[in-house]
Structures are given as structure tokens and as C-alpha cells.
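# Structure assessment
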Amino acid sequence: MKIIESVSQASVYVADMRASGKKIGFVPTLGGLHKGHQLLMQRAREENDAIIISIFLNPMQFRKPQFLKYPSDFEQDMRVAEEINVDMIFHPPVAEMFQHVAHIDNFFKFQTAEAAHRQDEHFVIEQQDENGIDNLVRVPSNLVYQLDGKIHPWTFDGAATIVYKLFNILQPESAYFGEKDIQQLAILTKMAETYFPAIKVIGVPTLRDADNLAFSSRNVLLSDEQRRTALSVYHALKHGEHLIRTGESDAAIVLNAIKAIIAAQPLIKIDYIDIVDKRLLKYAKKISDDMILYAAFFLNGIRLTDTLIVEL
Ligand code: AMP
């Protein structure tokens, strides 16, 4: 397994792969690798000749306290990747991806007036924004102001910006993303259609642990009690699913039932809970199509999310 930190070496590696006719499958990650990430890598392994994963804790996707708290252990990540026979880990330092940004704090300034930079239905690529970020991708309003993008839209600009850069460098045949981050998947699918039509974006269902908690890098930060508490969110979403499957078609009733179960947990601070139409990612008063039940919450300052897709 090769570990590459520089963009120029990664480009040489990819060119060699292409010259030998190998199809590349790519799994971008923030690190803190777990079995959910392994599922994406396995899928990439099955469908390609070589797999590249990236491990890059992207400062554009977090506020600073969450960024500093994010669990990363590169030695452990290498072991997890090796189990799936990953061919190359691209592990660039921040300066390699954002050459013109002097200090990490600058990333957090770009959130101000973010709305002014967007178009309704089209992506905007800012060659260089006022903080020195090159090729900053602004996600269209119709995709970004949904679900918890209503509260922190810049997270998705951050994810789109880094994936745009990674796609340009690595030029894979296919890239794999989790349905757990359903809005990210929708945005990156659209971005690839717009700028990288040769890259197939593939969504992979959420992998859960034996107790049904979705695998997440941040789960290692939870005590046993907090883990049980986090599971109550899954049970609340399951209850919502049960209501829908037994004929409830009023989205407000389902949403309120979910919220009531979660609100009864004093340790949980709700960030965002919603029920949206799967195709449009928009709230629909009447449930008549496939739906997404989504919850983002804080547990002892740790931000977690869970997603259930209800196919009708
Ligand atoms: P992250 O490092 O959290 O950005 O995750 C990297 C990729 O793995 C993203 O596309 C996630 O949606 C996906 N992912 C994270 N957790 C899971 C999971 N439990 N099951 C499947 N995919 C996941």
C-alpha cells in the first residue's frame, strides 16, 4: 500500500495506473476509518482494478472546536485500509490542498455572506476567494438550503471544494459515498454530472454496528451510556418509519413523533431533524413517495447524525 502526501506524486501515480489500463475506484474520507468506510472500499475493490482512498481532515467542513475534536489516528487508519488491500492512500497536509491559505482560521471567515455568492440552480467556482481559497465551490441554493444545510450551508461548500480538487487530481472512474450523508451524496452527484461527467458517483447504504448504531468516526468518543442515548435517535427514526409504513401520510405528525422521542432524552441537544422527499430533499406535507428521515444532534458536544431512507 502506497502512502502519498504530495499532489504531484499523486498525479504521477494516477498517470501510471491509467497507462497500464487500470480502472481506479476512489473513496474520499476525513480519516478515523471504521467498518462503514471499509464497506465503501470493498465496493470500490469489487468494481475496479485499483483503489485509492484519501484521508484529509478538511478544515472547510468544520467549525474549529469540532475540527480539533475529530478523532484521527493515521497508524490505525492504515491498518483499516490494509485489510481491504487499498492500493494507495492520498494523505496530503492542508498546505498541499490549500496553498494560498496562510492560517486555518481563515477558513471560518468564508461563511459570512455566503448566500451572496450562490446561484439558484448552478454551481459557482470562485477562482480565489478573499481568504485565499482557490477553486472554492459554491453549491447551488436549491441543493444547499435543505436539511441541515439550512443551518450550516458552508459545510457543503467545504465538501464540494475538496472533492472537486480530489477529482481533478485523482481522476477516478468511480467514487463512492455513503447514503448516511445523503445531502452530501446528492450534491456531489450533481457536481460530478456538471464538471466530471466521466466519473461515476456511487451511493452506498449505511452500515450499522450490532446494536444498530451507524458506524461513525466520532463513535469512539462516546461512553457506553452516551452510545445508548445516541441509539434512541435511531429508535425515534425507526418509529417514524413504522408510522409511515402503517399508513400515516401527514409528515408533520411523523416529524413531531420523532422529535418527541428525541426531546425526551435530556443528554441530547437537537441540531436539526427533518423528514424530506428523497428525490427533491424537500419537506413534503403529504408523504406519498420515498422519504428520508434525518437527525443531527449533539451528545456531550459531539455532533452525530443518523439517516433512514424509507422506500415506499
Ligand atoms: P467521512 O470520513 O465521515 O467523511 O466519511 C467518508 C465516507 O464514508 C462518506 O461518504 C460517508 O458518507 C461514508 N460513511 C460514513 N459512515 C458510514 C457508514 N456507517 N456506512 C456507510 N458509509 C459511511
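Remember, predicted model here, so these are calculated numbers, not experimental data. (Residues numbered from 1 in each chain as written. Predicted model: local features only at pLDDT ≥ 70, side-chain atom pairs only at ≥ 80, totals over all residues. Heavy atoms only, no water.)

### Some remarks on the environment of glutamine 61
Within the secondary structure, glutamine 61 sits in the loop between β3 (50–55) and α3 (64–69). On the accessibility criterion, glutamine 61 (13% relative accessible area) is buried. Distance from glutamine 61 to threonine 161, taken between C-alpha atoms, is 9.7 Å for residues 100 residues apart in sequence. With near-sequence residues (within four places) excluded, glutamine 61 lies in contact with Leu30, Trp154, Thr155, Gly158, Ala159, Ile162 and Gln184. Only 2.9 Å separates the side chain of glutamine 61 from the side chain of asparagine 58, close enough to count as a polar contact. (Helix = DSSP H or I, 4+ residues; strand = E, 2+ residues; numbered from the N terminus. Buried < 20%, exposed > 50% of the residue type's maximum accessible area, 1.4 Å probe, protein only. Contact = heavy atoms within 4.5 Å. Polar contact = N/O pair within 3.5 Å; in protein donor to acceptor, adjacent residues only side chain to side chain.)

### Some points on helix α7 (residues 154–170)
Counted at 1.5 Å a residue, the expected span for α7 with its 17 residues is 24 Å, and the 24 Å between its end C-alpha atoms agrees. Most of α7 is tucked away, with 16 of its 17 residues classed as buried. (Expected span 1.5 Å × (residues − 1).)

### Topic: the domain arrangement of the protein chain
Domain boundaries in the protein chain define domain 1 (2–204) and domain 2 (217–307). Each of domain 1 and domain 2 has a C-alpha centre, and the two are 26 Å apart. Across the contact, 21 residues belong to domain 1 and 18 residues belong to domain 2. Interface area, domain 1 with domain 2, both sides summed: about 1,700 Å², of which 55% is carbon and sulfur. On the surface where domain 1 and domain 2 come into contact, there are 2 salt bridges. The partner of lysine 150 in a salt bridge is aspartate 274, with the nearest N and O atoms 3.9 Å apart. Summed over the shared surface of domain 1 and domain 2, the result is 13 residue pairs in polar contact (both at pLDDT 80 or more). Mapped by element, the contributors of at least two residues to the side of domain 1 that touches domain 2 are α3 and α8 (182–195). Of all the elements, α8 adds the most residues to the side of domain 1 that touches domain 2, at 3 residues. (Domains from an automatic or database assignment. Buried area = accessible area lost by both parts, 1.4 Å probe. Salt bridge = Lys/Arg side-chain N within 4 Å of Asp/Glu carboxyl O.)

### What to know about the environment of glutamine 171
In this fold, glutamine 171 is placed in the loop between α7 and β7 (174–178). With relative accessibility at 42%, the residue glutamine 171 sits in the partly exposed group. Distance from glutamine 171 to arginine 18, taken between C-alpha atoms, is 9.6 Å for residues 153 residues apart in sequence.

### As for the sheet that holds strand β9 (residues 268–277)
Taking strand neighbours across the sheet as the criterion, the 3 strands line up as β9-β10-β11 in an open arrangement whose pairing is antiparallel. Edge strands, defined here as strands with exactly one partner in the open sheet, are β9 and β11 (302–310). Here the average twist between neighbouring strands, direction ignored, is 10°. Relative to strand β10 (residues 291–299), β9 is paired through 9 bridges, and the arrangement is antiparallel. Considered in β10, the bridge of isoleucine 273 is made with alanine 295. Of the strands in this sheet, β9 and β10 are in contact with helix α10 (residues 251–263), which crosses β9 at around 160°. (Pairing = 2+ DSSP bridges. Axes fitted to C-alpha atoms, helices over the stretch in contact; angles between N-to-C directions.)

### Describing the pairing of strand β5 (residues 124–128)
Direction of pairing for β5 relative to strand β6 (residues 134–138): antiparallel, over a ladder of 4 bridges. Its bridge partner being in β6, glutamine 128 is matched across the sheet by aspartate 134. Here β5 folds back onto β6, and the loop between the two strands holds 5 residues, one of which, glycine 132, carries a positive phi near 95°.

### Structural notes on the pattern of salt bridges
Taken as a whole, this structure holds 18 salt bridges when the rule is applied. One salt bridge connects glutamate 173 with arginine 18, and the closest N-O pair in it is separated by 4.0 Å. Highlighted residues: glutamate 173 in the loop between α7 and β7 and arginine 18 in helix α1 (residues 7–19), separated in sequence by 155 residues. For glutamate 173, a relative accessible area of 24% gives the class partly exposed. Two residues, arginine 227 and aspartate 209, come together in a salt bridge whose shortest N-O distance is 3.2 Å. Linking arginine 227 in helix α9 (residues 224–245) with aspartate 209 in the loop between β8 (200–204) and α9, this pair joins segments that are 18 residues apart in sequence. Residue aspartate 209 is classed as partly exposed on the basis of its relative accessible area, which comes to 29%. Each of Glu114, Arg118, Glu126, Arg138 and Asp157 takes part in salt bridges that share partners, so that together they form one network.

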